[in-house]
Amino acid sequence: MALSLVKNLIIDEKTLTTDLESMVTQLEDHILTKLVRANKALDKRLPLRVHRKLIVIALRIFKIVLRTYTTMFIHAPILLLKLAVKFYFAESWISKLKPKKSNVGSHVFQLEHYMECKKENVNKALVELLPENGISQKICNAMKYSLLAGGKRIRPILCIAACEFVGGDESSAMPMACAMEIIHTASLIVDDLPCMDNDDLRRGNPSSHKQYGEDIAILASAALSCLAFEHIVSKKVNVSHDRMVDAITELASAIGLDGLVSGQYLDIEFQGKKVTLEQLENIHALKTGRLLEASVVCGAIIGGATASEIDKLRKYAQNIGLLFQVVDDILDETQPTTKLGKTAGKDSASQKATFMRLMHIDEAKDYAKELVDQAVHELAHFDAARAAPLYNLAHFILNPI
Ligand code: GRG
């Protein structure tokens, strides 16, 4: 509305100026005729040259007076009016004075369709990579049972999205993406064991040790962890040796003492004990965050990311990693077992160190929103269409159900 007002003013000003200019010309003609007539009368008394000069001077003065008049009474008020309109109404003009606003998130994106396609491709690749038979058929079966039991496949999807974000393609990211899901599954098997979180349900099915016994479950988890690395190396497509080494180093460190293993240890250690927010964030940055971080960072490495892209994506992933656990804690207390696919309310029952123990549910929700904002802030420097999958995946993690 403000913009059309300004446009109309400009059009009006142009028409007014043209009208006025033609009025001036008409007036000039008129005065000229009058002066020529007067000149003729004067001719008899004064020499001709003097008359002409007088006419020209008079005309010039008249023109100056008219131009000043138009400037003062027509152009200046219109200019002032335009400025007033711009100041009071034209948001676009005012926004030019502010720092450039990010357009991240403005791109229309079909997340559901995107996730379904990627998930289907990941599931297909997972089916193909699983050993059909081995020395121990039981272990093969247990590996297949847990790996193909469902799940959102959020880690492989993030891995592919990060690779595509930096210009790589899905096929080169797929082995790494599958490795993320394999490691994740291996960690879930261990996490469910009676000596750990002791859960009988996983992804809506009996957990691995419930189905196959603890011995097979532990071995299936170990075999899955090895299979992940074997698969990355044997199936690498169009990825340089250097990138491969960097990505493998990132993944290995995310699982070990600097990652999942220590996160799990601290999680058990703090059970039933008082925990500060800083300690809790550290536990979950390791236990949950590190594999999500590795998924994004490894995808980016495979795709040929620059150091600055990796830096931004790492920060994005660290925020969604923490966000993932905050949301997981909220859901654990608010959703039924049927929706979770694992035993609801178990965390508080076993006095686990959760965000819900430190915060009110509304505070936890606000904290989750803060984390998603911080995550997508890292994407703000990139084109909206390019950042759309990662932007939308961050929001999916905020509202997964
Ligand atoms: C053997 C690799 C390995 C590690 C040992 C047991 C352990 C150290 C770490 C546990 C890590 C763990 C289970 C973290 C919990 C992460 C979490 C919130 C899982 C739920 O993930 P979703 O929601 O599950 O993505 P789905 O079923 O959708 O895949």
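Refer to the structure above for everything that follows.
What counts and what doesn't
- Residues numbered from 1 in each chain as written.
- Predicted model: local features only at pLDDT ≥ 70, side-chain atom pairs only at ≥ 80, totals over all residues.
- Heavy atoms only, no water.
- Near = heavy atom within 4 Å.
- Polar contact = N/O pair within 3.5 Å; in protein donor to acceptor, adjacent residues only side chain to side chain.
- Areas by Shrake-Rupley, 256 points an atom, 1.4 Å probe, with all protein chains shown as cover.
- Helix = DSSP H or I, 4+ residues; strand = E, 2+ residues; numbered from the N terminus.
- Bend = angle between axes of the 7 residues up to and from the residue.
- Buried < 20%, exposed > 50% of the residue type's maximum accessible area, 1.4 Å probe, protein only.
- 1 Å grid on protein atoms, 1.4 Å probe; cavity = no way out; pocket = protein on both sides within 12 Å on 5 of 7 lines; lining within 4 Å.
- Points joined across faces, edges and corners; volume = space filled by probe spheres on them.
- Nonpolar A, V, L, I, M, F, W, Y, C, P; charged D, E, K, R; others polar.
- Patch = residues over 30% accessible without salt bridge, like charges linked within 9 Å, V, L, I, M, F, W, Y side chains within 5 Å.
- Salt bridge = Lys/Arg side-chain N within 4 Å of Asp/Glu carboxyl O.
- Lys, Arg positive; Asp, Glu negative; His and termini not counted.
- Charge placed at Lys NZ, Arg CZ, Asp CG, Glu CD.
- Core = buried A, V, L, I, M, F, W, Y, C linked by side-chain atoms within 4.5 Å.
- Contact = heavy atoms within 4.5 Å.
- Phe/Tyr/Trp six-rings, centres within 6.5 Å; stacked < 30°, edge-to-face > 60°.
- Lys NZ or Arg CZ within 6 Å of the ring centre and 35° of its normal.
- Axes fitted to C-alpha atoms, helices over the stretch in contact; angles between N-to-C directions.
- Parallel < 35°, antiparallel > 145°, perpendicular 65-115°, else oblique.
- Left-handed = near helix turned anticlockwise from the far one by under 90°.
- Expected span 1.5 Å × (residues − 1).

We now examine the site of the ligand. Of all residues adjacent to the ligand, which total 19 residues, the nearest are Lys152, Arg155, His184, Arg203 and Gln264. In the environment of the ligand, an oxygen atom lies 2.8 Å from a nitrogen or oxygen atom belonging to the side chain of His184. A distance of 2.9 Å separates an oxygen atom of the ligand from a polar side-chain atom of Arg203. Against a free-state accessible area of 750 Å², the protein chains account for coverage of 90% of the ligand. Elements that contribute at least two residues to the shell around the ligand include exactly helix 6 (154-165), helix 7 (170-192), helix 11 (260-269), helix 12 (277-302) and helix 13 (307-334). If you tally residues by element for the shell around the ligand, the top one is helix 7, at five residues.

Time to look at helix 12. Helix geometry: helix 12 is bent most strongly at Gly289, by close to 55°. Counting buried positions over the 26 residues of helix 12 gives 20, a clear majority of the element. Downstream of helix 12 by one or two residues, Gly304 has phi in the positive range, about 85°.

This part covers the layout of surface pockets. Of the pockets and cavities examined, the second largest pocket occupies roughly 240 Å³. Lining the second largest pocket, in full, are Val327, Ile330, Leu331, Thr334, Gln335, Lys365, Ala368, Lys369, Leu398, Asn399, Pro400 and Ile401. Put simply, the parts of the chain that give the lining of the second largest pocket at least two residues each are helix 13 and helix 17 (361-377). Ranked by residues supplied to the lining of the second largest pocket, first place goes to helix 13 with four residues. Taken together, the residues that form the lining of the second largest pocket break down as seven nonpolar, three polar and two charged.

Attention now goes to a negative patch on the surface. A surface patch of like charges, here negative, comprises Asp362, Glu363, Asp366, Glu370 and Asp373. Mapped onto the elements of the fold, Glu370 is located in helix 17.

Glancing now at the nonpolar core. Core analysis: the largest hydrophobic core is formed by 98 residues, its most contacted members being Ile154, Leu158, Met176, Tyr316, Leu323, Leu379 and Leu393. Once you skip the residues sitting within four places of it in the chain, Leu393 turns out to touch Leu111, Tyr114, Met115, Ile154, Ile157, Leu158, Ala161 and Tyr316.

On to the packing of aromatic side chains, then. Under the criterion given, the structure shown has four aromatic pairs. Geometrically, the ring pair formed by Phe109 and Tyr114 is tilted, given 5.2 Å between the ring centres and 55° between the ring planes. Among the residues examined, Phe109 registers a relative accessible area of 21% and is labelled partly exposed. Aromatic side chains Tyr145 and Tyr212 sit 5.5 Å apart centroid to centroid with 75° between the ring planes, which places their arrangement in the edge-to-face category. Here Tyr145, found in helix 5 (residues 137-147), pairs with Tyr212, found in helix 8 (residues 208-212); they are 67 residues apart in sequence, far enough to count as distant. When the ring centre of Phe165 is taken as origin, the NZ or CZ atom of Arg386, which lies over that ring, is 4.4 Å away.

This brings us to empty space enclosed by the protein. Under the criterion given, the structure shown has two cavities of 30 Å³ or more. Looking at the largest cavity, its volume works out to about 110 Å³. Surrounding the largest cavity, 13 residues form its lining, Ser146, Ala149, Arg202, Arg203 and Ser208 being those nearest its centre. Among the elements of the structure, helix 5, helix 7 and strand 2 (205-206) are those that each provide at least two residues to the lining of the largest cavity. At four residues, helix 7 tops the list of elements feeding residues into the lining of the largest cavity. Here the residues of the lining of the largest cavity sort into five nonpolar, five polar and three charged.

Tyr212 sits in the partly exposed class, given a relative accessible area of 23%. In this structure, the C-alpha to C-alpha distance between Tyr212 and Lys138, residues 74 residues apart in sequence, is 8.1 Å. Residue contacts for Tyr212: discarding those within four places in its chain leaves Lys138, Asn141, Ala142 and Tyr145. A polar contact is formed between the side chain of Tyr212 and the backbone oxygen of Asn141, at a distance of 3.4 Å.

Relative to the helices and strands, Thr354 is located in the loop between helix 15 (346-349) and helix 16 (355-358). The residues contacting Thr354, other than those within four sequence positions of it, are Leu280, Asp329 and Asp347.

Here we take up the packing of helix 6 against helix 12. Following both chains from N to C, one finds helix 6 and helix 12 inclined at 30°, their axes separated by 7 Å at the closest point. Taken together, the axes of helix 6 and helix 12 are roughly parallel relative to one another. Pair helix 6 / helix 12 crosses with right-handed handedness. Residue-level contacts link Ile154, Arg155, Leu158, Cys159, Ala162 and Cys163 of helix 6 to Leu291, Leu292, Ser295, Val296, Gly299, Ala300 and Ile302 of helix 12.

This part takes up helix 7. Owing to its 3.6 residues per turn, the α-helix aligns residues three or four sequence positions apart on the same side. Between the first and last C-alpha of helix 7 there are 32 Å, a value that for 23 residues agrees with the 33 Å anticipated at 1.5 Å per step. The sharpest bend along helix 7 comes to roughly 25°, located at Met176. In terms of burial, helix 7 is a largely internal element, 20 of the 23 residues being buried.

The analysis is restricted to geometry; functional conclusions fall outside its scope.
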